[in-house]
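# Survey of secondary and tertiary structure
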Amino acid sequence: MNHPILKPWILSRAGRGSALVLGALGALGPSAGCATSQGPGAEVAPSAGADTGAAGSPGAAQTNLLKASDFNDNKSLPWTTSFTAPGAGSAEVKSGAYCVTVTNKGSNNWDAQFRHREMVIQKGHSYTIQYKAWASAPTKARPKVGMSGPPYEEYWSDTVELGTEPRTFSGKFSMAKADDATAELAFHIGGAMASSKEPFEVCIDDIRLDDAEFKASAAASAVAAPKVAVNQVGYLPGAIKVASVSNAATAPLAWELLDGAGKPVARGQTKVFGKDGASGDHVHLVDFTIVKAPGQGYVLKVGEEKSFPFDIGAGIYQKLKVDALAYFYHNRSGIEIKMPYAGKPELARPAGHLHDKSTRCLKDSGCDYALDASRGWYDAGDHGKYVVNGGISVWTLLNWYERTKHLGTSSADFGDGKLNIPEGKNGVPDILDEARWELEFLMGMQVPEGKPLAGMVHHKMHDESWTGLGLAPHEDKLARFLHKPSTAATLNVVATGAQCARIWKTVDAAFSAKCLKAAERAWAAAKQNPALYAPPGGDKGGGPYDDTDAKDEFYWAAAELFVTTGKPEYKQFLQASPLNARFPTEIEGGAASMNWRVTDGLGQISMAIVPGHVDAAWQKEIRGRIAKAADQYLAIADKEGYRTLVARTPAGKYDWGSNSGVLNNMIVVALAHDFTKQPKYLDGVVLGMDYLLGRNPLGQSYVTGYGEKPLENPHHRFWAHQANSKYPKAPPGAVSGGPNSSLQDPHVQSAGLKGCVAQRCFVDHIEAWSVNEITINWNAPFAWVTGFLDEKARQ
């Protein structure tokens, strides 16, 4: 998902955003009452001058639980907003105060709110609260200290009248309940609480929550990004080895490579790249490809600056490719995730959403039946299941299988018993077992015979409303519904069903036949309903994944059917399509060949790989187009200081899921290497992986469990340890969507990132859903390219 086209519903997605996590981690629901408050507890001072115990007073800092009490540094984290639809608004720091503008106050008090988390309220402790507050017009606010998730029990609350001049308010309470390690201080300013007409603004400053017994623990210091950026996992012995250095010098600098014992093994001079627009850095490049000796703990030194340590070895991706694919088992719906397959006991969980076996249609969606929508993979950080995102994800895994079978040498690597999944040792390659879990769901979404739109496929299914962070699938008790069929979803089932039919023909003939029947039924239905589009805008509980152009899906579907069956009707359809004249290299102004919404390139890739029905001349032509596309991506890397394979938009920005753009472009470049054997293409894949694993201006490995500065806190309901310590951290091998200039979520908006340079628009936090989400259609290409590099390392 690497362009606005990918998730165009984000801005209205008060969800994957506000309602999504914000109720998630937050106070979406109503309050449960003031459990242990000592009365209302609010003392209104006569003026703004009564500011006792201010942040700057002697000894005060040690008792204050809040990490941001004033906002003089122009940052507000961990204060963030939460707007639950129809509630809407924004926040910013103004003249050293935190100000929230409400443009729609919603129906409930909590539909518009701001809050501070990341603090512990302890049993038996006494607390005092003090703050300044004012508004653009007289209105009310309801501050409260309590749980940040269901049942939203409160320990203190108050209702205060705000005027247009700053006033100081205070309160106190004692905690009688058990310790709450994920408490929040929130201000509800929506619904009937708001006495002002929208838009209105509420501001706070000099806010404290003090506990005389509080002892601040030493905060874990963030890992600083070195000026010398490298692939923190390492480099392949026989492949290109490049580092990027942030340094203002305009002349080359001396560098040396130190081995694990600190002994220099190579020296040279940097190449001055100059100003890099995507990072804002003045960059030098270090090429140490000449070093081929395997070893651990290498460090690159430029002047007094040193890189993180890294390895050189042929096996650096051997485990990573397996972990990347294990992502899918962990995110299966409808099955217990258990040991030993979970890897660690804390990652095990009961089966989730067993009631998906009988999922009814959403009210007013035009159908009156229930379908077996069980199985499948949870799409991203939430528990929704979307056909169009599942389609490209399962296609990518199956494409890897076909690529290794017809072009590669590593087909046994994901063979039977090679992955840690329950189906191991059943005589079927494990990668096919994993893909089948999703295929069964996709086909289960098809409209039955005898019903309106028979043969079409329901676009998605998900909860009736957004759920919160810190929620295992089996804990989700909300009703889930089928949404209307769409042409795009239907053609996704055509394409993946046809792909399934040819792959399983020699593995499981009955399943192969089932897939082909579903595909051809869906093709006929889509031809009859060529413009049935999913509606735009966010639904409660899920994103729309809307698409108003199905020509590319028709091409993809016809290509997969032709590769499988060789029927003339599909060949004629392809050759009559204007999309047949080129391999895509641009999507919505960005350099890309494919994503969930633009899929004709997938069909051409299948035709370029699978022998049989595509004649040699046609296949050669398509392969040539793919190589030319790869050349365009290599040309982008040449112009980037951190040598990545994606370019900024004409406005100088990175879009949602920019790392997925890197990954999908890496697949194109890898295929060019398969077709031509030219080393430059292997170099390009390596450069893309280097960027993802730390050779970027943040020194950030965007993958959990890998690198000196690995991804720690992706946005995920179950892997929610940062939000609630009773839930586990993410397992290794999950890749983040990465930098996103649009900064759609309240957390990044409060992080002082406004106006950030493209590659710096990122923060590793669970609430930062617009930059740190993880999804099936990002991990699928990640598994593909790690498998590719591991294969090449052994050749």
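Remember, it's a predicted structure, so these values are computed and weren't measured experimentally.

On a plain count of helices and strands, the protein chain comes out with 15 helices and 31 strands. Here the C-alpha radius of gyration of the protein chain, 27 Å, is about what a compact globule of 795 residues would show, namely 28 Å. If you line up the protein chain on its principal axes, its C-alpha atoms span 85 × 75 × 50 Å. Counting all 795 residues of the protein chain, 62% fall into the buried class. Sequence separation of at least 24 residues holds for 73% of the intrachain contacts in the protein chain that already meet a minimum separation of 6. Element-wise, carbon and sulfur atoms account for 53% of the exposed surface of the protein chain, whose accessible area totals about 27900 Å². Taking the average location of the 81 positive side-chain charges in the protein chain and that of its 83 negative ones, the two points are 3 Å from each other.

Now for the packing of aromatic side chains. By convention here, two paired aromatic rings are described through the distance between centres and the angle between planes. Applying the stated rule across the entire model yields 31 aromatic pairs. Measuring from centroid to centroid gives 6.1 Å for Trp79 and Phe114, while their planes differ by 55°, and the two rings are tilted. Of this pair, Trp79 sits in strand β2 (residues 79–83) while Phe114 sits in strand β5 (residues 112–121), and the two are 35 residues apart along the sequence. We note that Trp79, like Phe114, is buried.

The terminal C-alpha atoms of helix α12 (residues 679–692), which comprises 14 residues, lie 21 Å apart, in line with the 20 Å expected from a rise of 1.5 Å per residue. Here α12 lies mainly inside the structure; 11 of its 14 residues are buried. Every buried residue of α12 is listed here: Tyr681, Leu682, Gly684, Val685, Val686, Leu687, Gly688, Met689, Asp690, Tyr691 and Leu692. Buried residues along α12 sit in contact with β14 (234–235), β15 (242–246), α10 (616–638), α11 (658–676) and α15 (776–793).

What follows covers the packing of α12 against α15. Look at α12 against α15: their axes get within 11 Å of each other, and the N-to-C directions meet at 125°. Relative to α15, α12 is oriented oblique. α12 and α15 meet at a crossing whose hand is left-handed. Side by side, α12 and α15 meet where Leu682, Val685, Val686 and Met689 of the first sit next to Phe782, Val785, Thr786, Phe788, Leu789 and Lys792 of the second. Residues belonging to the contact of α12 with α15 are distributed by class as follows: eight nonpolar, one polar and one charged.

Quick look at the sheet that holds strand β19 (residues 282–287) now. Pairing is antiparallel across the open sheet formed by four strands, whose spatial order is β13-β15-β19-β18. Both outer strands of the open sheet, β13 (228–229) and β18 (271–275), are each paired with one neighbouring strand and no more. Relative to β19, β15 is paired through five bridges, and the arrangement is antiparallel. In the strand pairing of β19, Val245 is matched with His284.

Take the pairing of strand β12 (residues 200–211) next. Buried residues dominate β12, accounting for 12 of its 12 residues. Alignment of strand β4 (residues 97–104) against β12, held across five bridges, turns out to be antiparallel. Opposite Val102, over in β12, you have Phe200 as the bridge partner.

Here we take up the sheet that holds strand β23 (residues 359–361). If you walk across this open sheet you meet the five strands as β24-β23-β28-β27-β25, and the pairing is mixed. Whereas interior strands pair on both sides, the edge strands pair on one side only; in this sheet they are β24 (370–371) and β25 (385–386). Judged from the two bridges that link them, β25 and strand β27 (residues 460–463) form a sheet pairing that is antiparallel. Considered in β27, the bridge of Tyr386 is made with Lys460.

Here the structure, examined in full by the defined rule, presents 42 salt bridges. Two residues, Arg208 and Asp210, come together in a salt bridge whose shortest N-O distance is 2.7 Å. Across this residue pair, the class does not change: Arg208 and Asp210 are buried. Beyond isolated ion pairs, a larger network of salt bridges with shared partners links Arg115, Arg117, Lys144, Glu184 and Glu767.

Below, the discussion takes up the confidence of the model for the protein chain. Note: predicted coordinates in regions of low pLDDT should not be interpreted at a detailed level. Across the protein chain, the average pLDDT comes to 91, with 91% of residues at or above 70. Confidence over residues 1–60 falls short of pLDDT 50; this stretch has 224 contacts with residues more than four positions distant or in other chains.

Attention shifts here to the state of the cysteines. Joining two cysteines, a disulfide is a covalent bond between their sulfur atoms. Under the criterion given, the structure shown has four disulfides. Here Cys361 engages in a disulfide with Cys367; their sulfurs sit 1.8 Å apart. Sign of the S-S torsion, about -120° for the bond between Cys361 and Cys367, identifies this disulfide as left-handed. Here Cys500 connects covalently by a disulfide to Cys515, the sulfurs 2.0 Å from one another. When the S-S torsion is 60°, as for the bridge of Cys500 with Cys515, the disulfide is right-handed. You can see Cys500 sitting in helix α5 (residues 487–503) and its partner Cys515 sitting in helix α6 (residues 509–528), a full 15 residues away along the chain. The buried category is assigned to Cys515, whose relative accessible area is 0%. For the protein chain, numbering the cysteines in disulfides from first to last along the sequence yields the connectivity 1-2, 3-4, 5-6, 7-8.

Thresholds, definitions, all that
- Residues numbered from 1 in each chain as written.
- Predicted model: local features only at pLDDT ≥ 70, side-chain atom pairs only at ≥ 80, totals over all residues.
- Heavy atoms only, no water.
- Helix = DSSP H or I, 4+ residues; strand = E, 2+ residues; numbered from the N terminus.
- Rg over C-alpha atoms; globule rule 2.2 N^0.38 Å.
- Buried < 20%, exposed > 50% of the residue type's maximum accessible area, 1.4 Å probe, protein only.
- Contact = heavy atoms within 4.5 Å.
- Areas by Shrake-Rupley, 256 points an atom, 1.4 Å probe, with all protein chains shown as cover.
- Lys, Arg positive; Asp, Glu negative; His and termini not counted.
- Charge placed at Lys NZ, Arg CZ, Asp CG, Glu CD.
- Phe/Tyr/Trp six-rings, centres within 6.5 Å; stacked < 30°, edge-to-face > 60°.
- Expected span 1.5 Å × (residues − 1).
- Axes fitted to C-alpha atoms, helices over the stretch in contact; angles between N-to-C directions.
- Parallel < 35°, antiparallel > 145°, perpendicular 65-115°, else oblique.
- Left-handed = near helix turned anticlockwise from the far one by under 90°.
- Nonpolar A, V, L, I, M, F, W, Y, C, P; charged D, E, K, R; others polar.
- Pairing = 2+ DSSP bridges.
- Salt bridge = Lys/Arg side-chain N within 4 Å of Asp/Glu carboxyl O.
- pLDDT = per-residue confidence, 0-100.
- Disulfide = S-S within 2.5 Å.

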